[in-house]
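# Coordinate inspection notes
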Amino acid sequence: MNGGGRLVTPSLPPLREVIARYGLSASKALGQNFLFDEQLLDRIAAIPGSLEGEQVMEVGPGPGGLTRALLRTGARVTAIEMDRRCLPALAEVEAAFPGQLTVIEGDAMKIAPATLFDGPYHIVANLPYNVGTALFTDWLSSEDWPPQWRSLTLMFQEEVARRIVAAPNTSAYGRLPVLAQWRSRARLAMKVHRSAFTPPPKVMSAVVHVVPDDAPEGVSMRMLERVTEAAFGQRRKMLRQSLKGVPGALEALGRLGIDPQRRAETLSVEEFVSVARSLGQPDRP
Ligand SMILES: C[S@@+](CC[C@H](N)C(=O)[O-])C[C@H]1O[C@@H](n2cnc3c(N)ncnc32)[C@H](O)[C@@H]1O
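Residues numbered from 1 in each chain as written. Predicted model: local features only at pLDDT ≥ 70, side-chain atom pairs only at ≥ 80, totals over all residues. Heavy atoms only, no water.

The name that an unreviewed UniProt entry assigns to the chain is Ribosomal RNA small subunit methyltransferase A, with the source organism given as Novosphingobium malaysiense. Under the UniProt heading Sequence similarities (unreviewed entry), the note attached to the chain is "Belongs to the class I-like SAM-binding methyltransferase superfamily. rRNA adenine N(6)-methyltransferase family. RsmA subfamily." A UniProt comment under Subcellular location (unreviewed entry) is attached to the chain, and it reads "Cytoplasm". (UniProt positions renumbered as here; feature names shortened; annotations may be inferred.)

The following block contains the structure:
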């Protein structure tokens, strides 16, 4: 930012021109649906709050639309892109924001973010659909809590976004919302119409914003995963059936006064946490 607080935007060619110049036809296999609307991109980049001077990891910058918006906030961005066709366009962005952007060519599924940053960082991404949930699950499964990341601001298919923030007693509730909510706060920050993308995907999208919360005391992440996997693996069954294979789980329900005739989707996140706490550490990884 300059002294008056106005955003300084170095002149770069419009994104559509960049796409044409570098022949960046969208690859379905790489989940490429690009955003060109700079105002929309600025609104997404504003969701985490002020990023001035903050470190940000972006997955899949593509031609660099969201990257530009993040750089305009004054963030220092490390962007991981798998499609080498995008690298010349990203080099232009790097030159326009000297010292602010590092581009890494590679597969985000194979790069541990902790190896890229010394201190805290934010993750902001318009995720490729095919790997979005796997990356999200990975970031939420950090053994250390609070994790090194300070916030996640992520575009998903709307149906996935709604699952992440889902409440009990809804069909969207399941393992993913428990994972996203047991030690984080997750909210649906913005809906994005399919027509905003080039090419437009078949379904609507939404941005989810997640910030770490205090982790409940004495709860093993692996045990919570085991319980939710068993419970939602047979979500139509009563807990006394679905949790039969988890040693000690039925006794834990008894100790906690949770009716074993209930089904998984009626348990609150706090109740799942209590069951996992009561079971202690799993024997094996
Ligand atoms: C939905 S597009 C978003 C592009 C750009 N950020 C935008 O908002 O217009 C997803 C991007 O992720 C890239 N990508 C796909 N799989 C990836 C992976 N495993 N690691 C890193 N980037 C990946 C694609 O090449 C593409 O550029």
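After that view of the structure, there is still more to cover.
Attention now moves to the overall build of the chain. Within the chain, the regular secondary structure consists of 11 helices and nine strands. Against the 2.2 N^0.38 benchmark of 19 Å for 285 residues, the chain shows a C-alpha radius of gyration of 21 Å, consistent with a compact globule. For the C-alpha atoms alone, the extent of the chain along its principal axes is close to 65 × 40 × 35 Å. Counting every position in the chain, which comprises 285 residues, the buried fraction comes to 47%. Long-range pairs, those at least 24 residues apart, make up 68% of the contacts in the chain between residues at least 6 apart in sequence. (Helix = DSSP H or I, 4+ residues; strand = E, 2+ residues; numbered from the N terminus. Rg over C-alpha atoms; globule rule 2.2 N^0.38 Å. Buried < 20%, exposed > 50% of the residue type's maximum accessible area, 1.4 Å probe, protein only. Contact = heavy atoms within 4.5 Å.)

Let us now look at the site of the ligand. Close to the ligand lie 20 residues, the nearest being Leu35, Gly60, Glu81, Asp107 and Asn126. Glu81 has a polar side-chain atom sitting 2.6 Å from an oxygen atom of the ligand. At a separation of 2.9 Å, a nitrogen atom of the ligand approaches a polar backbone atom of Ala108. Contributions of two or more residues to the shell around the ligand are made by β1 (34-35) and β3 (76-81). For the shell around the ligand, the class distribution of residues is nine nonpolar, seven polar and four charged. (Near = heavy atom within 4 Å. Polar contact = N/O pair within 3.5 Å; in protein donor to acceptor, adjacent residues only side chain to side chain. Nonpolar A, V, L, I, M, F, W, Y, C, P; charged D, E, K, R; others polar.)

If you look at the biggest cluster of nonpolar residues, it comprises 54 residues, and the most contacted ones within it are Phe136, Trp139 and Phe272. By residue number, the principal contributor to this core is helix α8 (residues 221-233), which donates seven residues. Two domains each put at least three residues into this core: domain 1 (15-212) and domain 2 (221-279). With residues up to four places along the chain from it excluded, the contact list for Phe272 reads Tyr173, Val178, Leu224, Val227, Thr228, Ala231, Phe232, Ala264 and Leu267. Ile44, Val56, Phe97 and Val124 belong to the second largest nonpolar core, which has 32 residues in total. (Core = buried A, V, L, I, M, F, W, Y, C linked by side-chain atoms within 4.5 Å. Domains from an automatic or database assignment.)

By the element assignment, Pro88 lies in helix α4 (residues 87-96). Residue Pro88 is classed as partly exposed on the basis of its relative accessible area of 38%. Here the alpha-carbon distance between Pro88 and Gly62, two residues 26 residues apart in the chain, equals 11 Å.

Below, the discussion takes up the pattern of salt bridges. If charged atoms from side chains of opposite charge come close, those side chains can pair. Using the criterion set out here, one finds 12 salt bridges in the structure. Residues Arg72 and Asp42 are paired through a salt bridge, measuring 3.0 Å at the closest nitrogen-oxygen approach. You can see Arg72 sitting in helix α3 (residues 65-72) and its partner Asp42 sitting in helix α2 (residues 38-46), a full 30 residues away along the chain. Since its relative accessible area comes to 28%, Asp42 is described here as partly exposed. A salt bridge links Arg84 to Glu105, with the shortest nitrogen-to-oxygen separation between them at 3.0 Å. (Salt bridge = Lys/Arg side-chain N within 4 Å of Asp/Glu carboxyl O.)

This next bit is on the UniProt feature "domain: Ribosomal RNA adenine methylase transferase N-terminal" (unreviewed entry) in the chain. With numbering aligned to this structure, UniProt lists the feature "domain: Ribosomal RNA adenine methylase transferase N-terminal" (unreviewed entry) at residues 40-214. End C-alpha to end C-alpha, residues 40-214 measures 32 Å, and it is 29% helix and 29% strand.

Moving on: the UniProt feature "binding site: S-adenosyl-L-methionine" (unreviewed entry) in the chain. According to UniProt, the feature "binding site: S-adenosyl-L-methionine" (unreviewed entry) maps to Asn33, Leu35, Gly60, Glu81, Asp107 and Asn126 in the numbering used here. Those residues in contact with Leu35 that sit more than four places away from it in its chain are Leu15, Leu40, Leu41, Ile44, Gly65, Asn126, Met155, Ala196 and Phe197. With respect to the helices, strands and loops of the structure, Asp107 is situated in the loop between β4 (101-105) and β5 (121-126). Not counting residues up to four positions away in its chain, the partners in contact with Asp107 are Ile80 and Met82. A polar atom in the side chain of Asp107 sits 2.8 Å from the backbone nitrogen of Met109.

Partitioning the chain into domains gives domain 1 (15-212) and domain 2 (221-279). For domain 1 versus domain 2, the separation of C-alpha centres amounts to 33 Å. Listed per partner, the contact involves 14 residues of domain 1 and 15 residues of domain 2. Together, Tyr173, Arg175 and Trp182 form the three largest contributors to the area buried by domain 1 at its contact with domain 2, with a combined 47%. Taken together, the connections running from domain 1 to domain 2 amount to zero salt bridges. For the interface between domain 1 and domain 2, the tally reads four residue pairs in polar contact (both at pLDDT 80 or more). For the side of domain 1 that touches domain 2, the per-class residue count stands at six nonpolar, six polar and two charged. (Buried area = accessible area lost by both parts, 1.4 Å probe.)

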